[in-house]
Amino acid sequence: MEHQVFVPVPADDLRAVLRDPARVARCVPGLQQDADTDAGPVSGRLKVRVGGSTVTYRGALAVIERDPGHFTFEGEGTEVRGSGTVKFSVDLRLSPAEDGTRLDFTAGATADGRAAGFAPEAAAAAVQRLLDRAAGQLGAGSALGDPVAEAEEAEGAAETGPGFVEDDVTEVSASLFDTEVPPPSLDPFLAGGFEELDGAPRPPAEAAHARRTMIGRSAEEVDHAPPRGRYAPVPAPATTTAGDSLRWIAPAAALALASAVVIGRALRRRR
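The structure displayed is predicted, hence computed values, not measured ones. (Residues numbered from 1 in each chain as written. Predicted model: local features only at pLDDT ≥ 70, side-chain atom pairs only at ≥ 80, totals over all residues. Heavy atoms only, no water.)

Draft legend 1. Highlighting the environment of G52. Turning to its location among the elements, G52 is positioned in the loop between β3 (43-50) and β4 (53-67). Classification of G52 by relative accessible area gives exposed; the value is 71%. (Helix = DSSP H or I, 4+ residues; strand = E, 2+ residues; numbered from the N terminus. Buried < 20%, exposed > 50% of the residue type's maximum accessible area, 1.4 Å probe, protein only.)

What follows is the structure in structure tokens.
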């Protein structure tokens, strides 16, 4: 079977795509590539619709460059749901034309299984439709370029761009513990420009130490300090001493004695 397709892309751009198997795989319509790269970059599942039937094949495709304007595609596949096989060969010739390139396809195939039962007209129409879509993808792929190469070029340009200046860099290594710690800003009596405050003389060292202790304490002091506020411990209830007990015994004894006297007098009067 012979078929022609015009692509508005220069022949050199099409050759660049055909020489890259990974870009060729992206131009095959409906190809689901396998994760296993041992079978080749152009391998996987291809769903083909012929008439009212759809057949899915698993296989691989090889691209052979005969000369700069002549490429051959050879492949074979096996039905995913069945035992049928198909082998095909497609010759592609690139002919420069006005405002583009003419693609001349010459295809041939041998098949058994379900493909053998298709009508020749339906099979030819399916192949032509597949070649038209592949040619369109081939032209679009050449216009987009190679994404991997473009990414590498962009990365190289970013590293050595217009603003890139290569200069000697002096390694600076300093320990965190060697850094000078500035004094706390809350203490106005530290050395450094505060000789007097509001006309008053500088307080003695004991007062400065007490003020520094009230303003901020060290981490060790904070760790050992008792908690405050809502997390402070609840004090234990105070115990009753002996003096408090004796203080209540005397009034109670006096009250009991007065009650006994009153009751005794009442009994005597009744007699």
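Draft legend 2. Here's a closer look at helix α1 (residues 11-18). Along α1, the residues classified as buried are A11, L14, R15, V17 and L18. Along the long axis of α1, the arc covered by the buried residues comes to 160°, so they all point the same way. (Arc of directions from axis to C-beta.)

Draft legend 3. The layout of surface pockets, seen in detail. Volume-wise, the largest pocket comes out at about 1200 Å³. For the largest pocket, the lining is made up of 47 residues, of which L46, F88, V90, V127 and L130 are closest to its centre. Where the lining of the largest pocket is concerned, the elements lending two or more residues are α2 (21-27), β3, β4, β5 (70-79), β6 (85-97), β7 (100-111) and α3 (120-144). Counting residues per element, the lining of the largest pocket draws most heavily on α3, at 10 residues. The class makeup of the residues in the lining of the largest pocket is 38 nonpolar, six polar and three charged. The computed volume of the second largest pocket comes to approximately 190 Å³. Lining the second largest pocket are P29, G30, L46, K47, V48, R49, T54, A126, R129, L130 and R133. (1 Å grid on protein atoms, 1.4 Å probe; cavity = no way out; pocket = protein on both sides within 12 Å on 5 of 7 lines; lining within 4 Å. Points joined across faces, edges and corners; volume = space filled by probe spheres on them. Nonpolar A, V, L, I, M, F, W, Y, C, P; charged D, E, K, R; others polar.)

Draft legend 4. Spotlight on the sheet that holds β5. Pairing in this open sheet of seven strands is antiparallel, and the strands run β1-β7-β6-β5-β4-β3-β2 from one edge to the other. Here the strands that pair on one side only, and so sit at the sheet edges, are β1 (2-7) and β2 (31-33). Strand-to-strand twist across the sheet, computed as the mean angle between neighbouring axes with direction ignored, equals 30°. Where β3 and β4 come together, eight bridges link them in antiparallel fashion. Pairing of R45 across the sheet is with R58, part of β4. Across the face of the sheet, α1 comes into contact with β1, β4, β5, β6 and β7 while running at roughly 155° to β6. (Pairing = 2+ DSSP bridges. Axes fitted to C-alpha atoms, helices over the stretch in contact; angles between N-to-C directions. Contact = heavy atoms within 4.5 Å.)

Purely spatial values, then, with no claim about function.
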